[in-house]
Every structure is written in C-alpha cells, then in structure tokens.
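Here are the chains, one letter per residue:
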Amino acid sequence: MLEAAEAGQSALLIAPTGGGKTLAGFLPSLIQLHRQRMEGLHTVYVSPLKALAVDIARNLTTPAEEMGLDIRIETRTGDTPANRRARQRQNPPHILLTTPESLTLLLSLPDAAEMFGSLRCVVIDEIHAMAGTKRGDQLALCLSRLSTLAPGMRRVGLSATVAHPRALAAWCARDADPDSVKLVRVTGGEAPDLSVMLPEGRLPWGGHMGLASMPEVYERLKEAGVTIVFVNTRAQAELCFQALWRLNDDNLPIALHHGSLTIEQRRRVEAAMAAGKLRAVVATASLDLGIDWGAVDQVIQVGAPKGVARLLQRVGRANHRMDEPSRAILVPANRFEVIECQAAIEAVDAGEVDGEPPRPGGLDVLAQHILAMACHAPFLPDELFAEVTSAAPYAALSRQDFDDTLRFVEDGGYALSGYERFRRLFRDYEGRVHVRGPQVARQLRMNLGTIVDLPLLKVKLRGGPVLGEVEEYFISTLEPGDNFIFSGQVLRYERLEPTAAIVTRGGEGEPRVPAYGGSRMPLTTHLARRVREILSNPRRWRGLPDTVREWLAMQRHRSEMPPLDGLLIEVFPRGPRWFMVAYCFEGRLAHQTLGMLVTKRMERLGLAPMGFLGTDYVLATWSAFQPTDPAALFEEDLLGEELEEWIAESSMLRRTFRNIATIAGLLEKNHPGQEKSGRQMTMSADLIYDVLRKHEPDHILLRATRAEAAGGLTDVARIGALLARARGTIRVRQLDGVSPLAVPALIEEGREWVSGNAEDALLAEAVALVEEATHGEDHFSGDLGLEAISGPPPAPREAWPRRQRFARRARAG
Amino acid sequence: MMSAPFHLAGERLLLDPSGALFWPARHLLVVSDLHLEKGSHFASRGRFVPPYDTRETLARLAPLMRRYSPERVVFLGDSFHDGDGAARMHAADRATLMHLLGNRHVTWVLGNHDPVGPDGLPGEVSLEFRDGPLVFRHEGLPGRDSGFELSGHFHPKASLPTRCGPVTRPCFLADARRVLLPAFGAFTGGLEISAQPIAALFPRGGRAFLLGRDRLHSAPVAPMRHLAAANRMTDAPLQTI
C-alpha cells in the first residue's frame, strides 16, 4: 500500500474482515501529512454508513494525536450542523470522512473546485458493498469529478473478499482500466470455524424462521460471551427475538437490531454492544456492515446463508483478529436448508466466493449527477461526457443515451414539444450548459440520493415515542384492535394518523408479523450449483444428518433425485388439482418470473392454472387439468414474447420505474412526515408509467427501466441459462402423490395467484359472494354486519339488523 | 362495456365503467375532475412529468361521445388543473376537444382548481347547474340541504377484499340522495372512501361501484358516521400527482 502511495498509484486492498483494512488505507495519508504540512483538504474517506464514518473519525483522531500529528479530522454527513458545514467549506479539514450522498452535495456547490482542488487521496471503504448499486454509480461519478478537480488525486479502495477483483479494480481506476490499479490481496488469517446445529427432535420439513432451534441457540448464547444472531429477514428477527426472550430464564441482556427500527434505537443497541453490556443481538443485514465491536465471540446464522460472500461477511463480524479463527454456527430452518448450509461450508473450505460482477450504471443516477454538476458550474456537454465515461459503470455509455439524459434533465426530453419554456437548463452561445435559477439547486437538494424508500409509516406508541417504521401496505391490512409483533414486543393497532400508525402495548390473540417487501436475498447461482451437486450424488450425503439422508433416500425410492445438469419435473394430483413441481434451483426471484411465464403458457394450452409458488429451490404450479407434456412448458422460446408482455405489465417493472423516476427527479422524493403520503406517489408513478408507455414507449426513462429490469435483475439471465441447460434433458415423473422433496415447497407461504385478467375476475367473484350473502338486496342504511368495503370498524348496532331479518323473511315467504 | 343503472330522485342514471355518468332522459353526459394540463402544470414547477395526460384523457372521452351521443356535456369541476390550463393546451389537443364538443351544449361547473371558466372554449360557466330534480356541483354539500346531487372533487376510490387480497379501484359512491363521481383524468389519484370528507357525505353508508375493465363491481358500504365524526385524517389528494 505504501509503495503504491509513493508512486502516486491507485490501489485496491482486498482483505478479509478484521485485517485492519481501514487503517492501512489511511496510513499513507497520515505519513504524507506528517512529512509535509499542508493547508486544505488532503484525504476524503467515503463510507456507505454514516455511523462508520463517525466511528473511523474517532478511531483515527486518537492515534493521530498520540503520534503528535497536527492534523484536523472531521466528518461530514446529513447530521453535521449548519455552522460546521459552513466552516468546513471555508476552511476544510485535512481529512474529511463522509458518505456518497454528502459528497455529491458538496460537489454540487459553486465552491467545490476550491474545496477539493488540493485533494491528494480518496479512500473508499466497503467498496464491494457499493460497486454495482445505485449508490455506487453515484459515487463513481463523484470520483470522476474529483479526478477532474484534483488531477493528481489517487484512489484507495478497501474491499472484503470478492468473486470479481478485476472488475472492482476497474471500478477503482481513474479510466476504468483495472491494470492501472495496484491490487493488494491479503489472504490467510485463520480459516473460519463453521459448524451446523440442528434442533433437538424433529427437523422441520418447511419454513424459514428456524424457531424450532431456538432452545439450542439459547444454550449457545449462555456458553459464549457475546453473540450476534444473524437472521435473513426483519420478520424473522422479530420472531426469533420473541422466542429467545421467552426462553430467557437467566435474564441475559439480549437486543434486537433491524433496519425498520428507529436510528436512535439502533444506535443505542450498537453503543450497548460496544460497551460490552449485551450478551447477544438478533440482527438482520443491518449489522452486516458497520463498526467494529472487537469482542464478538461467535456468530450464529439462523436460516440458510443464501450466498458464500454474505456468509463470510457475517462470520467476519466475530473475533476481529487475524490470528484466531472466527467461530460461526449455521442453524438451518428446514431440510433443504441443511443441504444449503452444507454446500456453503464446503464452498468456504474450498476458498470460493460468489457474487455477480458490478452491472452498468443507471441513467437515472446520471440524470441526477448532470443536474448536480450544472448546479456546481456551467459545463460543456463534450467535457462532461468524457468525464462520465471515465467512470467504470459508465465506460460503455453511448453518446445517444448521454444526450437523451441531458435533454431529460433540461426539459423532460419528450417528443411532444411544449415544455421548452419551463426548461431547467439553458445553453449559452459557446454551448455551455447553465442552470436557470437558484430554485433548481434547491430542488436538487430535496431529491439528492439514490435510496428510494417504500412507502413507510411510523409506528408510534400512544402518548409515547416512535418505535420505527413499517410498510404502509402492512398497516393497511390491519383492523384496529389487531395485534402485531414489532420492535420486540406485541403491539395493538389503534388507529391511523396522517404520518403514523398509533399503537398500544400488549393485546390478545395471535399476533401478526409485518412482512417486508424484497427483504429476502435469493440463493446465489454458485451456491445453487453446489446444492445440486450434493443432491445428485448420494456419495456426498455422508456428512448429512440421518433425518436428511433418510428423506433423500425416500425421494430416490419414490421418484428420483434432481440431476446435476438436467431438470426434474414431477406431476401429481392432490385433491381436485394437479401439481407440477420443477426442481430448477435458480433462486426465488428467478422462479417467480418463471412461474408467471409458465402459467401464462399453461393458460394458453387450456390447463387452467390456478396459482404458483417459487421457493429458492423449486417452482410449483397447480392447475385444474393435468400437464401431460411439461417439457413443452419449459422451452426456450418462453423468454420471447411472453416475457416481453409479462415484464411490461409486471409490478416489478412498475416498482423499477417508480425508483428511476424518483432518482431522476421526475417525482418528489418521499420525505417522512410530509403531508403527501407514500401511497399517493406509488399511485401516481403508475399513472405516469401507463401514460408514458402508451404515448412514448421509447422515452429515456422507459429505456432505463427496461435496461434495469433486464440486466440488473439477473433472474432473467438465470432463467435463460436454466432453459438452455434443460433443453433435451428434462426428466418428467408422473406420480400418484406428492414426493418427499416436494413437501417443503407445498407448505411454503407466499403463494402467487395467476393475475393478468384475474384482478377483474376476482372483483366479480367477490361481488357475487357479497350478493349471495345479502340476497342481492341493496341496503343503503342498514349495517349488514358484513365488513363491506374499505374496512370501517362495525358501527354500533342499532335496531336495523332485526328489521333486515324481518324483511328478508318476508321476501322469502 | 356494461353500464349500471342507478335511480336518483326517480330518474334513471347510467354509471359507465369509464367513470362517466349518463342521464338518458336528458341526453346528458357528466364527467368530473379531468384535471387537464396537470402535466404541464407540474412541468412549470420543474417536474417534467409526461405531457400526454390531456391527450390521454381526451382519448377516454371520445368513445363516450360516440356511444351516448349526448346533447349536453356537464364537466363537474376541476376540468383543468389550474386557471391557465386551457391557455397552455397544445393546439392539437385543443382541436380534439373542440371536435368532441361539436355542437353540444356544454356546461363547465367551476371547481377549486379552475375557479374561472376555460379560456376560449365554448359553453356556459356555472357554480351550480340544475336540471329537473338534480343539482350538479363540484364539491358535495353534506347533510340534507344538498338536494339530489351529483358531485366530484374527492376522487373516490375503494378497496374490495378478494380471496387474493384487497383490490383498489376508483369508484362511484351513491346513496338515495347523491352520487359521487370518480375522477376522470389520466393523472388523477384517489382518496379512500373511508376518509373523513367522503364519510361526511355518506354517514349512512351507501353503495360503491368500482371501475372495472368493462363493467362495474358494486358492493354495499357500511355506515361511516364514526369516520365522518373523526378528526380529519387526510387532506384531499388534489394537490398531489
């Protein structure tokens, strides 16, 4: 690292967690500042987490003071008070620690050139977590701008072990050339010590929560000093925390940490952890990254890890010392997950890492960046294009796309004229692009950033504090009086206020758990392949527990094992329906897409499909008629017309469009507490999408939406690979009943109904039901006792019901 | 397309799945809350939403003119998103609208978004239009003073529980005294019928007609007195897109 620094070369340091990476990144800067005093900004440090920036600042200040270095180290985040911000701009510190969003904001200011002109080095932490995301796109564009403002500046990337180091080096490089970056790899350290723990007694057939294992988990907590219990979803975190708390006869201090809790609450938990006041934290990905607590003795992963890189990241949170192995226990929640855990451990032992290479940068982020750069100073489009394409995510950006994005920022860029008079940017006689007024910069600041939250509602105790946020959709499914688990307690839903759901503590009856969209990671391709390898080769079952081996042997007896490279499809009747189970192993997202496509084709073939389900391992469909030739349903042309048609209508594309439209500045960002609620924005993004798709299907925003849906979500590519692999090798088994391997899928939650025209059919069905129940009478003034629509709670009963009954009897008679 | 008959003050009215209402006895078509030129209104504030909303809304109006051949068209207010909307209209859109209106009688009921009549378009302007037993106004009057009323303003929408979860659609809401029309414009959102201002118009509940692809889906609505009395929970959605 020092060598690269002396040579002024950029560097990428890849090391397992706990290698003292961050310090290594800073050391050259400290040495330079020590040798040669300078004024102005020397080094910028960018971290994905605000808390990490603050923590590093603290950890750096102490040694710097001890070394007698006369340097100023400061943070700059959304929390920095206004007076300090102003001072930082006039008199910048030597080292500034910040986040991608704050950096973008600084670069959009008119005096950015003065502030960053003296910059020598930028350190990017946790680069593996940012490259390939929209925040990463934004940061990459900022780095290109920094290189323009400070041509001598070098870049230092810090990363955990990744599958694509060269792609990451390119990401770090000034001209997207991986060879210009010195790649420093730290290997070794002790290999992590991984083991699988099963529940006493029966191993569950299905489910992902892992609650059956909580007694064993609790025993492990008692034995170790400090434990992090990682789970895969927020709902799972709530349930596991509840289960542990019920078992907690020793009153161990156990806390809960996930992304929906308030920031204050999460900080409190982190502080208690750092101070050694906790024995365990149940956490989601919210603790995957973050400050180093030093004294974590073990990590317990409840539920299958879903990916090797992710598992390593989590395991690395235990024991941040290089000379001792990190200890981690994997707790599979069902039989399939046992195999997946086994596969993950084998992959770790073999030193393999999975992960996709970073995808190309988004045009929505580019639109935001163009506006930010215009707010900084007038620019020539040619020069900005050159600067943008020097960033790796945009290296392949076409001039056409750049120009269209620029036009979009100017006046919307629509084929139909009319908005010219409202343009935000104008060009002078030399072709320089200027912003039209100060209100443009104001608008940019309101919209800055690439994180678009789902419509959320605060959860607030009546007369008490805010506990956190849940998706608005979940609240809309509750009736006052319903119970749900949140923030580690059972809450009773009381009423809705404009910006918060009001709750009280306690309540009776079975509580519900908020579901959170998109919070589950799909199984990676790499791990899926290892799972297939284990299943298809009985010799490799030896390491598996007895129950699992028996289960697999039973499958071999009753049906057959899924082959390594082909595709096994089972068809069997069950009740009045025909089930079809395809063992694709391509991850939940891919299976959901595939499910839409296959059922669409089933509909055309007259099989009357009724629903489907995608788990990480299989796709299951059910239909009124027997699929006699399943192979025909999985032909490669599935990805042609049907995909096109389905994708355009899908809620996935609508969601993608909403995010893109928000980041690109078409829609206002959701600001918590504002009068406009998130649902209205969702609604209107849909309206805009429909109108735009009809009248200008090639608009830049729709192009960006399609590109992101096709390229960003790798599930379509995975389906393509699956169909190619399966061609000619599809094995079909017509069975009398469900096979052992299919059971976990059939008891899975989260089934999808076939939609399309189904929504109208469902409405008609619901209406018919209501009419049947009310004998088709119109009751304009009586309480039908039937929760009619929009769920108002039942009104106090008056004399009406009796009269109704009387009227009905009279008619019947 | 199947319209649903509904009787108000003894008059037979047809509720159309597009969100329009037709009164056959008077050859009269009613549409509410078109919010034309909402796109350009937003563009003037730096949000460049697509400029095709007017075009799209007019394209929805055209088949209604063909099907019902109304002699009179009543726009129930908020026909334009703001007072200058008519002036900002694209020449082609203006020509389309003129063609649609043709020789028909046109009544522009004024709304909060368009407190003055549209510039350079034919028709009479009125705060409240009366014909026979019916009164047409933009925002309904709660209570018994309203007369037999057709109104808009609130962009009502409702959710119907189905076995696959709730399905939400814009809707008509009606009882023996009034009909509340859904918003007809392409860029108009909605307000749940359980929201206080709508509940105040229908304290005794009524019947909702959800707009479907080619028919209406109707269901009874339980009394909403408690909701009408509740604190105002939501502001009308009219300012947002």
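The rules behind the values
Residues numbered from 1 in each chain as written. Chains lettered and ligands numbered in written order. Predicted model: local features only at pLDDT ≥ 70, side-chain atom pairs only at ≥ 80, totals over all residues. Pairing = 2+ DSSP bridges. Helix = DSSP H or I, 4+ residues; strand = E, 2+ residues; numbered from the N terminus. Axes fitted to C-alpha atoms, helices over the stretch in contact; angles between N-to-C directions. Contact = placed C-beta atoms within 7 Å. Parallel < 35°, antiparallel > 145°, perpendicular 65-115°, else oblique. Left-handed = near helix turned anticlockwise from the far one by under 90°. Nonpolar A, V, L, I, M, F, W, Y, C, P; charged D, E, K, R; others polar. Buried ≥ 20, exposed ≤ 12 C-beta atoms within 10 Å, placed from the backbone. Right-handed = clockwise from strand over helix to strand, strands pointing away. Core = buried A, V, L, I, M, F, W, Y, C linked by C-beta atoms within 7 Å. Domains from an automatic or database assignment. pLDDT = per-residue confidence, 0-100. Expected span 1.5 Å × (residues − 1).

Draft legend 1. Inspection of the sheet that holds strand 1 (residues 10-14) of chain A at higher detail. Residues and elements named next belong to chain A. Taken in spatial order, the seven strands of this open sheet run 3-4-2-5-6-1-7, and their pairing is parallel. Looking along the sheet, the strands with just one partner apiece sit at the ends: strand 3 (73-76) and strand 7 (181-185). Put simply, the sheet's adjacent strands are angled 15° from each other on average, direction ignored. Pairing analysis gives four bridges linking strand 3 to strand 4 (residues 95-98), with the strands arranged parallel. Within the sheet, the bridge partner assigned to T75 lies in strand 4 and is L97. Packing against the sheet, helix 3 (residues 50-66) makes contact with strand 2 (43-46), strand 3 and strand 4, and its axis sits at approximately 175° to strand 3.

Draft legend 2. Highlighting the packing of helix 2 (residues 53-68) of chain B against helix 4 (residues 91-101) of chain B. All names here are of chain B. Where helix 2 meets helix 4, the axes come as close as 10 Å, and the angle between the chain directions of the two elements is 20°. Overall, the two elements helix 2 and helix 4 adopt an arrangement that is roughly parallel. The two elements helix 2 and helix 4 cross, and the hand of that crossing is left-handed. Contacts between helix 2 and helix 4 involve T54, R55, L58, L61, A62 and M65 on the former and, on the latter, D93, T96, L97 and L100. A per-class count over the contact of helix 2 with helix 4 returns six nonpolar, two polar and two charged.

Draft legend 3. View of the pairing of strand 4 of chain A. Residue and element names in this part refer to chain A. In strand 4, alternate side chains face the same way, and those of I95 and L97 on one face and L96 and T98 on the other are all buried. Relative to strand 4, strand 2 runs parallel, the two being bridged by four bridges. Its bridge partner being in strand 4, T43 is matched across the sheet by I95. After leaving strand 3, the chain enters helix 4 (residues 82-90) and then returns to the sheet as strand 4, a path that is right-handed.

Draft legend 4. Focus on the environment of P48(A). Note that P48(A) resides in the loop between strand 2 and helix 3. Not counting residues within four places of it along the chain, the set of residues in contact with P48(A) comprises E126(A), A129(A), M130(A), R135(A) and L289(A).

Draft legend 5. Representation of the nonpolar core. Judged by nonpolar contacts, the single largest core of 204 residues is most densely connected at V122(A), V229(A), C240(A), V281(A) and V282(A). Per element, the largest residue contribution to this core is ten residues, and it comes from helix 15 (residues 363-376) of chain A. Two domains each donate at least three residues to this core, and these are domain 1 (2-185) and domain 2 (193-349) of chain A. Dropping the residues within four chain positions of it, V282(A) is found in contact with V229(A), V231(A), A237(A), C240(A), F241(A), L244(A), I254(A) and L256(A). Among the nonpolar cores identified, the runner-up in size contains 60 residues, and V109(B), A174(B), I198(B) and L211(B) belong to it.

Draft legend 6. Broad picture of the domain arrangement of chain A. When its domains are assigned, chain A resolves into domain 1 (2-185), domain 2 (193-349) and domain 3 (457-505). Computed over C-alpha atoms, the centres of domain 1 of chain A and domain 2 of chain A are 32 Å apart.

Draft legend 7. Region of interest: the confidence of the model for chain B. Residue and element names in this part refer to chain B. Put simply, chain B has an average pLDDT of 89, and 94% of its residues get 70 or more. Here residues 231-241 is modelled with pLDDT under 50, and outside its nearest four sequence neighbours on either side it reaches 27 contacts, counting other chains as well. Reported confidence for the predicted complex is 0.88 by ipTM and 0.80 by pTM.

Draft legend 8. Layout of the sheet that holds strand 10 (residues 254-257) of chain A. Residues and elements named next belong to chain A. The parallel open sheet is built from six strands, whose spatial order is 8-13-12-9-11-10. What marks the edges here is a single partner per strand, and that holds for strand 8 (193-196) and strand 10. Strand-to-strand twist in this sheet, taken as the mean axis angle between neighbours without regard to direction, amounts to 20°.

Draft legend 9. Structural context of the pairing of strand 9 (residues 134-137) of chain B. Residues and elements named next belong to chain B. Bridge analysis of strand 8 (residues 128-131) against strand 9 gives four bridges, and the strand direction is antiparallel. Bridging from a neighbouring strand, R130 pairs with V135 of strand 9. A loop of two residues connects strand 8 with strand 9, the two strands running antiparallel in sequence, and G132 in this loop sits at a positive phi of about 55°. For strand 9 and strand 10 (residues 148-151), the ladder comprises three bridges, and the chain directions are parallel. Residue V135 lies in a different strand from strand 10, and its bridge partner there is E149.

Draft legend 10. Here's a closer look at unusual backbone geometry. All names here are of chain A. For A176, which is not a glycine, the phi torsion comes out positive at approximately 60°. Within the element layout of this structure, A176 appears in the loop between helix 9 (165-172) and strand 7. Phi is positive for F585, close to 55°, though the residue is something other than glycine. Secondary-structure assignment places F585 in the loop between strand 22 (577-583) and helix 22 (588-604).

Draft legend 11. The arrangement of the environment of L289(A) in detail. All names here are of chain A. Inspection of the secondary structure assignment puts L289 in the loop between strand 11 (280-283) and strand 12 (298-302). Taking the C-alpha atoms as reference points, L289 and G449, 160 residues apart in sequence, are found 20 Å from one another. L289 has contacts with P48, L49, E126 and A129, leaving out every residue within four places of it along the chain.

Draft legend 12. Summary view of helix 11 (residues 234-247) of chain A. Here helix 11 of chain A contains 14 residues, and its C-alpha end-to-end distance of 20 Å stays within 8% of the 20 Å for a straight helix at 1.5 Å per residue. Of all the positions in helix 11 of chain A, only R234(A), A235(A), Q236(A), A237(A), E238(A), L239(A), C240(A), F241(A), Q242(A), A243(A) and L244(A) are classed as buried.

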